[in-house]
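What the coordinates show
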Amino acid sequence: MDDASEEDFIESGRLLFAGPCEFIFASVRGSDLPPIGPHEIAFAGRSNVGKSSLLNALTGRKTLARVSHTPGRTQQLNFFAIGAPPGQERLRLVDMPGYGYAAVGKEKIADWSRLIEDFLRGRASLARVFVLIDSRRGVKDLDEKMFDLLDRAAVSYQIVLTKRDELKISERGGALEAARAALARRPAAFPRIVSTSAQTAEGVAELRAEVARLLAERNA
Ligand SMILES: Nc1nc2c(ncn2[C@@H]2O[C@H](COP(=O)(O)OP(=O)(O)OP(=O)(O)O)[C@@H](O)[C@H]2O)c(=O)[nH]1
Ligand SMILES: [Mg+2]
């Protein structure tokens with residue numbers, strides 16, 4: 001696939017997500033994960049950053065993943081199968097609970113940490129984690145902690161900027177530069193950054209292409 005162009009990946013990404021897509025499993029503890037299947041891509045990030053919304057935008061379904069009206073709504077790992085029939089899925093997407101929601105008690109935070117760490121460690125099918133960063137807020141301490149965790153777990157990760165529509169066009173280059181700078185000390189992070197909006201669908205075709213490229217590399 002060395003000579004495949006960006007346009008080829010845009011098209012294969014479109015096809016990948018044009019097919020069937022369904023919710024298959026929810027995990028509240030690391031001992032209760034679905035059996036290993038196809039490659040998985042997980043969506044991590046602060047509560048309210050737009051994980052569920054971006055997952056819906058990617059799959060073109062408005063209500064596949066539940067979007068929060070109050071932060072901290074997704075409190076489990078939600079697995080979605082892309083492609084059918086069952087057992088022949090091409091890919092799974094994993095919507096992760098958000099971090100950094102202040103009103104969550106210590107006990108919940110401990111449960112959350114255990115679930116996330118159990119999932120990230122030794123999940124052979126986990127191909128990459130997209131760490132979503134709000135374009136307006138940039139990379140914060142808790143995001144750095146997530147990067148630390150991913151570095152320790154030796155999981156491939158990549159920054160995806162969200163809510164790009166909320167930035168003025170003149171501010172967009174700066175948001176990308178800042179995210180790039182945050183990765184300068186992170187050799188394990190994938191260097192390309194995708195800037196998206198679930199609201200306007202900007203960057204969504206590019207993110208699908210990124211997924212298609214990753215699958216092509218993995219299956220090569
Ligand atoms: N303007 C704008 N708002 C967005 C975008 N994506 C999500 N939102 C809004 O941000 C809020 C949070 O979105 P979610 O998709 O539920 O965020 P989440 O990261 O899944 O949140 P948790 O599950 O609580 O961790 C909702 O009010 C969305 O409508 C976007 O691209 N642009
Ligand atoms: Mg969510």
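Residues numbered from 1 in each chain as written. Chains lettered and ligands numbered in written order. Predicted model: local features only at pLDDT ≥ 70, side-chain atom pairs only at ≥ 80, totals over all residues. Heavy atoms only, no water.

At A154, a position not held by glycine, the phi torsion is positive, near 55°. By the secondary structure assignment, A154 is in the loop between α4 (141-153) and β6 (157-162). What makes A154 exposed here is its relative accessible area of 69%. (Helix = DSSP H or I, 4+ residues; strand = E, 2+ residues; numbered from the N terminus. Buried < 20%, exposed > 50% of the residue type's maximum accessible area, 1.4 Å probe, protein only.)

Evaluation of the coordinates by the stated rule reveals one cavity of 30 Å³ or more. What the largest cavity holds in volume is close to 30 Å³. As for the largest cavity, its lining consists of R46, V49, L132, I133, D134, R137, G138 and D143. If you tally residues by element for the lining of the largest cavity, the top one is strand β5 (residues 126-134), at three residues. Taken together, the residues of the lining of the largest cavity sort by class into three nonpolar, one polar and four charged. (1 Å grid on protein atoms, 1.4 Å probe; cavity = no way out; pocket = protein on both sides within 12 Å on 5 of 7 lines; lining within 4 Å. Points joined across faces, edges and corners; volume = space filled by probe spheres on them. Nonpolar A, V, L, I, M, F, W, Y, C, P; charged D, E, K, R; others polar.)

Two elements in contact, helix α3 (residues 106-120) and α4, have axes separated by 10 Å at closest approach and are oriented at 35°. In the packing of α3 onto α4, the handedness of the crossing is right-handed. From α3, I116, E117 and L120 reach across to α4, where they touch M146, L149, L150 and A153. Across the contact of α3 with α4, the residue classes break down as six nonpolar, no polar and one charged. (Axes fitted to C-alpha atoms, helices over the stretch in contact; angles between N-to-C directions. Left-handed = near helix turned anticlockwise from the far one by under 90°. Contact = heavy atoms within 4.5 Å.)

Below, the discussion takes up the packing of aromatic side chains. Each aromatic ring pair is described using two quantities: the centre-to-centre distance and the angle formed by the ring planes. In this structure the tally under the stated criterion is six aromatic pairs. Three or more aromatic residues joined by ring pairs form one cluster here, namely F25, F79 and F119. The ring of F190 carries the charged tip of R128 above its face, separated from the ring centre by 3.9 Å. (Phe/Tyr/Trp six-rings, centres within 6.5 Å; stacked < 30°, edge-to-face > 60°. Lys NZ or Arg CZ within 6 Å of the ring centre and 35° of its normal.)

Residues L120, V129 and M146 are the most contacted members of the largest nonpolar core, which totals 31 residues. Elements with a contribution of two residues or more to this core: β2 (40-45), β3 (77-82), α3, β5, α4, β6, α5 (169-182) and β7 (189-195). With residues near it in sequence (within four places) discarded, V129 still touches A42, A44, L120, L150, V155, S156, Y157 and Q158. L16, I41, A127 and L207 belong to the second-largest nonpolar core, a separate cluster that totals 26 residues. (Core = buried A, V, L, I, M, F, W, Y, C linked by side-chain atoms within 4.5 Å.)

What follows concerns the packing of helix α2 (residues 51-59) against helix α6 (residues 204-219). Between α2 and α6, whose axes approach to 9 Å, the crossing angle comes to 80°. Compared by their axis directions, α2 and α6 come out roughly perpendicular. The residues of α6 that touch α2, namely those facing L54, A57 and L58, are V204, L207 and R208. Each residue belonging to the contact of α2 with α6 can be placed in one class, and the counts come to five nonpolar, no polar and one charged. (Parallel < 35°, antiparallel > 145°, perpendicular 65-115°, else oblique.)

Within α5 the residues assigned to the buried category are R172, A175, A179 and A182. The arc that holds the buried residues of α5, viewed along the axis, is 95°, so those residues lie on one side. The elements touched by buried residues of α5 are α4, β6 and β7. (Arc of directions from axis to C-beta.)

Moving on: the sheet that holds β6. Spatially, the seven strands line up as an open sheet ordered β1-β3-β4-β2-β5-β6-β7, and their pairing is mixed. Two strands in the sheet have a free side with no partner beyond their single neighbour: β1 (21-27) and β7. This sheet shows a mean twist of 25° between the axes of neighbouring strands, independent of strand direction. Sheet topology places β5 next to β6; six bridges connect them, and they run parallel. Following the sheet pairing, F130 is matched in β6 by Q158. Relative to the sheet, α2 contacts β1, β2, β3, β4 (91-95), β5 and β6, its axis offset from that of β2 by approximately 145°. (Pairing = 2+ DSSP bridges.)

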